[in-house]
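What follows is each chain in one-letter form.
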Amino acid sequence: QTEYTRKVQINNEPTGAKEQYEWGDQYYQTGKYQEALKWFRKSAEQGNAHAQYRLGLMYYYGIGVTQDKAQGMNWYRKAANQGHAEAQFRLQHA
C-alpha cells in the first residue's frame, strides 16, 4: 500500500488534506463550486494553506457562495499565517 492509498478511500473519497484539495480543485475547474467548497473546506480544516486560500477567494468574491468578505479575510488570514504568499498579498491589498 502506498502513502496515497492509505490516506484515501473511505467510500472512495479522499481523507488526506492534499487529496481533498485536489478534488476541490477539479470541481472548481469544472464550475461545480458547491462540491469544490465542500472539499476545500475539508482540506482547509486539516490545515491545508492552499485550501484555506481558495476558500478565502470563494467567500471574498462570492464564487459559489453568498459573498462574505469577512469570511474570505478570515480564510486568507489562516493561509497567510502559514506563509502562503498569495494570501499575504491579498490581506495587504484588501
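Residues numbered from 1 in each chain as written. Predicted model: local features only at pLDDT ≥ 70, side-chain atom pairs only at ≥ 80, totals over all residues. Heavy atoms only, no water.

## As for the side chain of Arg-54
Stage number 1. Along the chain, Arg-54 turns up in helix α4 (residues 49-61).
Stage number 2. According to the relative accessible area criterion, Arg-54 is buried, its value standing at 10%.
Stage number 3. Side chain to side chain, Arg-54 and Tyr-21 meet in a polar contact 2.9 Å long.
Stage number 4. In this structure the side chain of Arg-54 is engaged in a polar contact, spanning 3.0 Å, whose partner is the side chain of Asp-25.
Stage number 5. Those residues in contact with Arg-54 that sit more than four places away from it in its chain are Tyr-21, Asp-25, Tyr-28, Gln-29 and Phe-40. (Helix = DSSP H or I, 4+ residues; strand = E, 2+ residues; numbered from the N terminus. Buried < 20%, exposed > 50% of the residue type's maximum accessible area, 1.4 Å probe, protein only. Polar contact = N/O pair within 3.5 Å; in protein donor to acceptor, adjacent residues only side chain to side chain. Contact = heavy atoms within 4.5 Å.)

## Description of the packing of aromatic side chains
Stage number 1. A complete count under the given rule lists 7 aromatic pairs for this structure.
Stage number 2. Summarising the aromatic geometry, the rings of Tyr-60 and Tyr-61 are spaced 5.0 Å apart at their centres and angled 75° between planes, so their arrangement reads as edge-to-face.
Stage number 3. Among the residues examined, Tyr-60 registers a relative accessible area of 14% and is labelled buried.
Stage number 4. Lying over the aromatic face of Trp-75, Lys-78 brings its terminal NZ or CZ to 4.7 Å of the ring centre. (Phe/Tyr/Trp six-rings, centres within 6.5 Å; stacked < 30°, edge-to-face > 60°. Lys NZ or Arg CZ within 6 Å of the ring centre and 35° of its normal.)

## Quick look at the pattern of salt bridges
Stage number 1. Following the criterion strictly, the structure yields 3 salt bridges and no others.
Stage number 2. The residue Arg-54 makes a salt bridge to Asp-25 at a minimum N-O spacing of 3.0 Å. With a gap of 29 residues between them, Arg-54 in helix α4 and Asp-25 in helix α2 (residues 17-29) connect regions that are remote in the sequence.
Stage number 3. Judged by its relative accessible area of 23%, Asp-25 falls in the partly exposed class. (Salt bridge = Lys/Arg side-chain N within 4 Å of Asp/Glu carboxyl O.)

## Observations regarding the nonpolar core
Stage number 1. Formed by Tyr-21, Tyr-28, Ala-36, Leu-37, Phe-40, Ala-44, Ala-51, Leu-55, Met-58, Tyr-59, Val-65 and Trp-75, the largest nonpolar core amounts to 12 residues.
Stage number 2. Mapped onto this core, the elements with two or more residues apiece are α2, α3 (33-45) and α4.
Stage number 3. Apart from the residues lying within four places of it in its own chain, the contact partners of Phe-40 are Tyr-21, Gly-24, Asp-25, Tyr-28, Ala-51, Arg-54, Leu-55 and Met-58.
Stage number 4. Grouped together as the second largest cluster of nonpolar side chains are 9 residues, Tyr-60, Tyr-76, Ala-79 and Ala-87 included. (Core = buried A, V, L, I, M, F, W, Y, C linked by side-chain atoms within 4.5 Å.)

## What about the side chain of Gln-52?
Stage number 1. Here Gln-52 is to be found in helix α4.
Stage number 2. Looking at Gln-52, its side chain comes within polar contact range of the side chain of Gln-82, at 2.8 Å.

## Details of the confidence of the model for the chain
Stage number 1. Taken as a whole, the chain shows an average pLDDT of 90; of its residues, 88% reach a score of 70 or greater.
Stage number 2. Low pLDDT (under 50) marks residues 1-10, which in the prediction has 12 contacts with non-local residues, meaning those over four places away or in another chain. (pLDDT = per-residue confidence, 0-100.)

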